[in-house]
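Secondary and tertiary structure notes
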Amino acid sequence: MTKRIFSGAQPTGNVHLGNYLGALRNWVALQHEYESFFCIVNLHAITVAQDPAQLVEKTRDLARIYLAVGIDPQVSTVFVQSDVKEHAELTWVLNCIARMSELERMTQYKDKARKQQENITVGLFDYPVLMAADILLYQTDLVPVGDDQRQHLELTRDVAIRFNRDYGETFKVPDAYIPKIGARIMSLSDPSKKMSKSDDDPNGCVLLMDDADAIQKKFKRAVTDSGTEIRFDESRPAINNLLEIYHLITRKSQQEVEDHFAGKGYAQLKGDLAEVTIEFLRPIQQRVREITDEQLDAILDQGREKAEQIARVTLEQVFKRTGLSL
Ligand code: AMP
Ligand code: TRP
């Protein structure tokens, strides 16, 4: 049987190069080998406050991005999480499997809670269980994500194993797919932090929809390390990050990249990086603008139907096993 992948991203802001290089790029590459489900996880988005009208727009924008970067709706299922009620239903059941102590250990929760301090919702705490439900509903084999999701994947596996042990073999136990390079693209303004849409300094984060001027400016201002040599070296995180981005976007080997920059200076690296990024994003931005509302609606409707069929089967089994269906 063809193996399945499932992944998702939150419609909470603008998609950036980290999201693309760490996750979306691999979704596109894997979709032809696996039966693929790509979800816009709007239920996760509301774990922190969202403006309702904007959330609708951002959900649709993210779906457009999925398609524009190369997710093919003919082979992959693209859908919105809240369209498939089973996600919320399975979350409840899994809430009664997952332990408080497990969720209290989640570093992403601790980070977000620390930043927010007040009004931390139960939803934010429960976020990883909803993510486990997303994945387990589809009997997923592989979950392509960036490095920051590693711990959530571990929790998903633990919850699946515990459920299977207590109620009988029900869920496939999924593996994470985290790329060796690109899983943690760092901020251009602070290479000790990951590139993030919630970065205080917007210059640290290159957005997929940034125009040429913005891209040039951001790379130009990127911090560098001391020294002058341009080669892959993890002890020099700023240059290493810029080279990783260049390597992934151009698909040149690391050796070719180092040869290309041999004897050149940081200004050249930044200029070249801006140029290849602008050229790379141009057709993606063009496709985002070309997708009509009608096309998008049709793709999301079709996605919902396909996703529902599979999710329903799993949830029925879960209800039977747990004594919830009479
Ligand atoms: P999010 O937008 O937070 O829903 O993230 C969507 C995907 O992008 C997830 O698989 C993340 O792990 C990945 N991701 C987010 N930030 C980065 C980053 N700086 N580098 C690599 N991958 C990332
Ligand atoms: N938590 C993920 C993130 O922020 C998004 C996500 C939700 C997800 N459900 C998922 C990713 C299921 C993979 C599989 O990036």
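What comes next is a walk through the structure. A quick note: this is a predicted structure, and the numbers were derived from the prediction, not measured.

This brings us to the overall build of the chain. Each helix and strand counted, the chain has 13 helices and five strands in total. Radius of gyration (C-alpha) of the chain: 21 Å, near the 20 Å computed for a compact globule of 326 residues. A principal-axis box enclosing the C-alpha atoms of the chain has dimensions of 70 × 45 × 40 Å. Counting every position in the chain, which comprises 326 residues, the buried fraction comes to 52%. Put simply, 75% of the contacts in the chain that link residues at least 6 apart link residues at least 24 apart. Accessible surface, the chain as shown: approximately 15700 Å² in total, 49% of it carbon and sulfur. A gap of 2 Å separates the mean positions of the 41 positive and 49 negative side-chain charges of the chain.

Let's shift gears to the nonpolar core. With 58 residues, the main nonpolar core has Tyr66 and Phe219 as its most contacted residues. Beyond its immediate stretch of four places on either side in the chain, Phe219 contacts Leu17, Leu188, Val206, Leu242, Lys270, Leu273, Ala274 and Thr277. Ranked by size, the runner-up nonpolar core spans 38 residues in total, among them Phe37, Leu153, Ala160 and Leu315.

We now examine the pattern of salt bridges. One pass over the structure, following the stated rule, counts 21 salt bridges. Of the charged contacts in the structure, one is a salt bridge between Glu35 and Arg4, with a shortest N-O distance of 3.1 Å. You can see Glu35 sitting in strand β2 (residues 35–40) and its partner Arg4 sitting in strand β1 (residues 4–9), a full 31 residues away along the chain. Across the pair Asp175 and Arg157 runs a salt bridge whose closest N-O atoms are separated by 3.0 Å. Within this pair, whereas Asp175 is found in strand β5 (residues 175–177), its partner Arg157 is found in helix α8 (residues 150–167), the two being separated by 18 residues in sequence.

Neighbouring ligand 1 are 18 residues; Gln10, Gly146, Asp148, Ile185 and Lys197 lie closest to it. In the environment of ligand 1, an oxygen atom lies 2.9 Å from a nitrogen or oxygen atom belonging to the backbone of Gly146. In this structure, an oxygen atom belonging to ligand 1 sits 2.4 Å away from a side-chain N or O atom of Asp148. In isolation ligand 1 offers 490 Å² of accessible surface; the protein chains occlude 93% of this area. Among the elements that make up the shell around ligand 1, the one with the highest residue count is helix α1 (residues 17–30) (four residues). A breakdown of the residues in the shell around ligand 1 according to their chemical character gives six nonpolar, eight polar and four charged.

Counting buried positions along β2 gives five out of six residues, so the element sits mostly inside the fold. The pairing of β1 with β2 spans six bridges and is parallel. Along β2, the bridge assignment pairs Ser7 with Phe38. Taking the sense of rotation as the criterion, the β-α-β connection linking β1, α1 and β2 turns out right-handed. Across five bridges, the pairing between β2 and strand β3 (residues 76–80) is parallel. Across the sheet, the residue bridging to Phe37 is Thr77, located in β3.

Our next topic: the side chain of Gln149. On the secondary structure map, Gln149 appears in the loop between β4 (142–144) and α8. Under the relative-accessibility criterion, Gln149 is labelled buried at 12%. At a separation of 3.3 Å, a polar atom in the side chain of Gln149 contacts the side chain of Gln108. With near-sequence residues (within four places) excluded, Gln149 lies in contact with Gln108 and Met131.

Let us now look at the packing of helix α3 (residues 52–69) against helix α13 (residues 293–322). Look at α3 against α13: their axes get within 11 Å of each other, and the N-to-C directions meet at 85°. Judged by the inter-axis angle, α3 sits roughly perpendicular to α13. Of the residues in α13, those in contact with Arg60, Ala63, Arg64 and Leu67 of α3 are Asp293, Leu296, Asp297, Ile299 and Leu300. Here the contact of α3 with α13 is composed, by residue class, of five nonpolar, no polar and four charged.

The subject of this paragraph is the packing of aromatic side chains. This model, assessed by the stated rule, comprises eleven aromatic pairs. Note on Trp27 and Tyr66: the rings are 5.1 Å apart at their centroids and 85° apart in plane angle, and the pair reads as edge-to-face. Of this pair, Trp27 sits in helix α1 while Tyr66 sits in helix α3, and the two are 39 residues apart along the sequence. Arranged with centres 5.0 Å apart and planes meeting at 55°, the rings of Phe163 and Phe171 form a pair that is tilted. Of the two residues, Phe163 and Phe171, both sit in the buried class. An aromatic cluster is present here, built from Phe6, Phe37, Phe79 and Tyr138 joined pairwise through their rings.

Turning our attention to the side chain of Ser187. If you trace the backbone, Ser187 turns up in the loop between β5 and α9 (212–221). Relative accessible area serves as the criterion here: at 1%, Ser187 is assigned to the buried category. Within polar-contact distance, the side chain of Ser187 engages the backbone nitrogen of Asp190 at 3.1 Å. Excluding residues within four positions of it along the chain, Ser187 makes contact with Lys193, Lys194, Met195, Asp199, Gly204 and Asn241.

Reading the values: the criteria
- Residues numbered from 1 in each chain as written.
- Chains lettered and ligands numbered in written order.
- Predicted model: local features only at pLDDT ≥ 70, side-chain atom pairs only at ≥ 80, totals over all residues.
- Heavy atoms only, no water.
- Helix = DSSP H or I, 4+ residues; strand = E, 2+ residues; numbered from the N terminus.
- Rg over C-alpha atoms; globule rule 2.2 N^0.38 Å.
- Buried < 20%, exposed > 50% of the residue type's maximum accessible area, 1.4 Å probe, protein only.
- Contact = heavy atoms within 4.5 Å.
- Areas by Shrake-Rupley, 256 points an atom, 1.4 Å probe, with all protein chains shown as cover.
- Lys, Arg positive; Asp, Glu negative; His and termini not counted.
- Charge placed at Lys NZ, Arg CZ, Asp CG, Glu CD.
- Core = buried A, V, L, I, M, F, W, Y, C linked by side-chain atoms within 4.5 Å.
- Salt bridge = Lys/Arg side-chain N within 4 Å of Asp/Glu carboxyl O.
- Near = heavy atom within 4 Å.
- Polar contact = N/O pair within 3.5 Å; in protein donor to acceptor, adjacent residues only side chain to side chain.
- Nonpolar A, V, L, I, M, F, W, Y, C, P; charged D, E, K, R; others polar.
- Pairing = 2+ DSSP bridges.
- Right-handed = clockwise from strand over helix to strand, strands pointing away.
- Axes fitted to C-alpha atoms, helices over the stretch in contact; angles between N-to-C directions.
- Parallel < 35°, antiparallel > 145°, perpendicular 65-115°, else oblique.
- Phe/Tyr/Trp six-rings, centres within 6.5 Å; stacked < 30°, edge-to-face > 60°.

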